[in-house]
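An overview of the molecular structure
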Amino acid sequence: MPKYRGGWTRQDAAYAVTAGMTIRLKIQYQSLMLIIRSTSELEEFVSHSKRNGQSVGLVPTMGALHDGHLSLVERAVGENDITVVSLFVNPTQFNNPTDLATYPRDEESDLRLLSGAGATVAFAPGVEDIYPGGVENRARKEFDLGTVAEVMEGKFRPGHFQGVAEVVSRLLRLVRPDRAYFGEKDFQQIAVIRRMTETEGIDVDIIACPIRRADDGLALSSRNALLTPEQRAIAPEIHRALAGSVDYARSHSVRATHDTVVEQIEGVPGLRVEYFEIVDGRTLLPVEEWEESPWIVGCITVYCGDIRLIDNIAYKK
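Keep in mind that this is a model prediction, so the values were computed, not measured.

**Thoughts on the overall build of the chain**
- In terms of helices and strands, the chain carries twelve helices and ten strands.
- Relative to the 2.2 N^0.38 estimate, which gives 20 Å for 317 residues, the radius of gyration of the chain is 20 Å and therefore close to what a compact globule would have.
- Once the C-alpha set of the chain is aligned to its principal axes, its extents read approximately 65 × 40 × 35 Å.
- Here the chain holds 317 residues, and the buried ones make up 57% of them.
- Look at the contacts in the chain between residues 6 or more apart in sequence, and 71% of them connect residues 24 or more apart.
- Carbon and sulfur atoms make up 49% of the accessible area of the chain, which amounts to about 14300 Å² in all.
- Considering the chain, the positive charge centre built from 35 side chains and the negative charge centre built from 45 side chains are found 4 Å apart.

Following this line, the structure appears as C-alpha cells:
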C-alpha cells in the first residue's frame with residue numbers, strides 16, 4: 001500500500017472520503033494532507049488512526065507559520081505515524097483586543113507549508129467549533145496552573161495562561177496525541193502546559209523543541225511579520241544582548257548580568273524592555289545567585305515599537 005509523507009495510505013484517504021467528511025485533500029510534493037474543520041470529523045479520523053495502531057503527534061499553532069513552526073512539524077512527522085497541526089487563533093488567550101485583531105493570518109500559505117512539510121492533517125476550525133455557543137457563553141474553567149503561570153507573562157498578561165490552558169486542553173482531548181510539540185521560544189508556556197497536563201490527568205509527552213532563529217539571531221515569531229523594516233533592523237539586538245551576557249555572567253553576578261542586558265537593549269532607540277527575569281528553569285522563580293540552581297534561564301519581553309517580542313537564553317543547564 002503506497003504511503004504518503006503525511007504518514008497515511010490511500011486506504012486512509014478512502015476512509016476519510018467514504019466517512020463523508022467535509023474535508024479537502026491537498027497534494028503537493030508527494031504529500032497528501034487532510035484539511036479538517038469540524039471537531040467531530042477530527043475525532044473520527046484520529047479514532048480510525050488509533051484503531052490501526054498508529055501513533056499521533058500534535059503541533060498546536062495559531063497559524064502565520066514560519067520555519068520555527070515547520071521544524072516542530074518535521075520533528076513530529078519523523079516521530080509519529082500521524083501528525084495533526086492545528087491552525088487556530090485562540091481569542092481566550094488575548095487580553096488585548098487590538099493584539100487579537102492584528103495577529104497575522106494567512107491560511108492559504110499555512111496550508112501550502114504544512115503540505116510540503118508532510119503533515120497528515122491540518123485542523124483549521126472556526127471559533128464556534130472550539131467554543132460551541134461562542135466564547136462569551138462557554139463554560140469557564142479555572143485551571144490549577146501554580147506559580148509557573150503567575151510570574152513574567154502571567155504578571156503582565158493576566159488571564160493569558162488560563163486561555164492557553166483552555167485551548168490546549170481542548171486540543172489534547174480532541175486529538176489524544178502520544179506527543180505534543182512546542183517551541184522553546186515560549187519557554188514559560190511549556191512549563192504551564194506541563195503543569196496543566198499533570199493537574200488535568202492528560203497522558204501526553206510534551207516535547208520542547210529548540211528556538212529557530214533568523215541568520216541575524218532574531219527568534220522566529222509570527223509577530224515578526226508585523227515589524228516595519230526599521231523595526232526589523234533593530235530587533236536582533238535583543239538576542240545579541242542575551243547571547244553576549246552568557247560570557248559576561250561567568251564572571252559577574254546575577255544582578256549585574258540582568259542590569260547589563262537591560263541597559264544594552266534599552267540603549268537602542270525603539271526598543272523597550274517590559275521585563276527581564278533570570279529564573280530557575282524548573283520553578284520559573286527568580287534566582288539571586290548562580291549557585292541556586294543547576295538550570296538557570298533568562299526570559300525577556302521587549303517592545304519593538306508597538307510589537308511585543310519574547311526571547312530567552314540558558315545560562316546553566
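The rest of the description comes next.
**Observations regarding the nonpolar core**
- Formed by 46 residues in total, the largest nonpolar core has its most connected members in Leu42, Val84 and Met196.
- The dominant element in this core, judged by the number of residues it contributes, is helix H8 (residues 160-175), at nine residues.
- Ignoring any residue separated from it by four or fewer positions in sequence, one finds Val84 in contact with Leu42, Val56, Gly57, Leu58, Val59, Val121, Phe123 and Val175.
- Listed in part, the 28 residues of the second largest apolar core include Ala235, Ile238, Val287 and Leu309.

**Thoughts on the pattern of salt bridges**
- For the coordinates displayed, the defined rule picks out 19 salt bridges.
- A salt bridge links Glu79 to Arg75; its shortest N-O distance comes to 3.0 Å. Separated by four residues within a single helix, Glu79 and Arg75 lie in helix H3 (residues 67-79), roughly one turn from each other.
- For Arg75, a relative accessible area of 33% translates into the label partly exposed.
- Measuring nitrogen to oxygen at the nearest pair gives 2.1 Å for the salt bridge that ties Asp247 to Arg250. In this pair, the class of Asp247 matches that of Arg250, namely exposed.
- A network of salt bridges, in which partner residues are shared, links Glu153, Arg157, Glu274 and Arg308.

**Section: the sheet that holds strand S8 (residues 271-280)**
- The strand order across the open sheet built from three strands is S8-S9-S10, with neighbouring strands paired in antiparallel fashion. Whereas interior strands pair on both sides, the edge strands pair on one side only; in this sheet they are S8 and strand S10 (307-316). Shown here is a sheet whose adjacent strand axes are inclined to one another by a mean of 15°, direction ignored.
- Sheet topology places strand S9 (residues 296-304) next to S10; nine bridges connect them, and they run antiparallel. Directly across from Cys304, in S10, lies its bridge partner Ile307.

**Some details on the packing of aromatic side chains**
- Applying the stated criterion to the full structure yields five aromatic pairs.
- Between the aromatic rings of Phe187 and Trp295, the centroid separation amounts to 5.8 Å while the plane-to-plane angle is 85°, which identifies the pairing as edge-to-face. Of this pair, Phe187 sits in helix H9 (residues 187-200) while Trp295 sits in the loop between S8 and S9; the two residues are 108 residues apart in sequence, bridging distant segments of the chain.
- Seen in terms of ring centroids, Trp290 and Tyr315 are 5.3 Å apart; in terms of plane orientation they differ by 50°. Their pairing is tilted. With Trp290 in the loop between S8 and S9 and Tyr315 in strand S10, this pair connects stretches of sequence that are 25 residues apart. The burial state of Trp290 is the same as that of Tyr315; both residues are buried.
- Cation over ring: Arg138 sits above Tyr131, and NZ or CZ is 5.7 Å from the ring centre.
- In this structure, Lys141 packs its charged tip against the face of Phe143, placed 5.4 Å from the ring centre.

Cut-off values and rules
- Residues numbered from 1 in each chain as written.
- Predicted model: local features only at pLDDT ≥ 70, side-chain atom pairs only at ≥ 80, totals over all residues.
- Heavy atoms only, no water.
- Helix = DSSP H or I, 4+ residues; strand = E, 2+ residues; numbered from the N terminus.
- Rg over C-alpha atoms; globule rule 2.2 N^0.38 Å.
- Buried < 20%, exposed > 50% of the residue type's maximum accessible area, 1.4 Å probe, protein only.
- Contact = heavy atoms within 4.5 Å.
- Areas by Shrake-Rupley, 256 points an atom, 1.4 Å probe, with all protein chains shown as cover.
- Lys, Arg positive; Asp, Glu negative; His and termini not counted.
- Charge placed at Lys NZ, Arg CZ, Asp CG, Glu CD.
- Core = buried A, V, L, I, M, F, W, Y, C linked by side-chain atoms within 4.5 Å.
- Salt bridge = Lys/Arg side-chain N within 4 Å of Asp/Glu carboxyl O.
- Pairing = 2+ DSSP bridges.
- Axes fitted to C-alpha atoms, helices over the stretch in contact; angles between N-to-C directions.
- Phe/Tyr/Trp six-rings, centres within 6.5 Å; stacked < 30°, edge-to-face > 60°.
- Lys NZ or Arg CZ within 6 Å of the ring centre and 35° of its normal.

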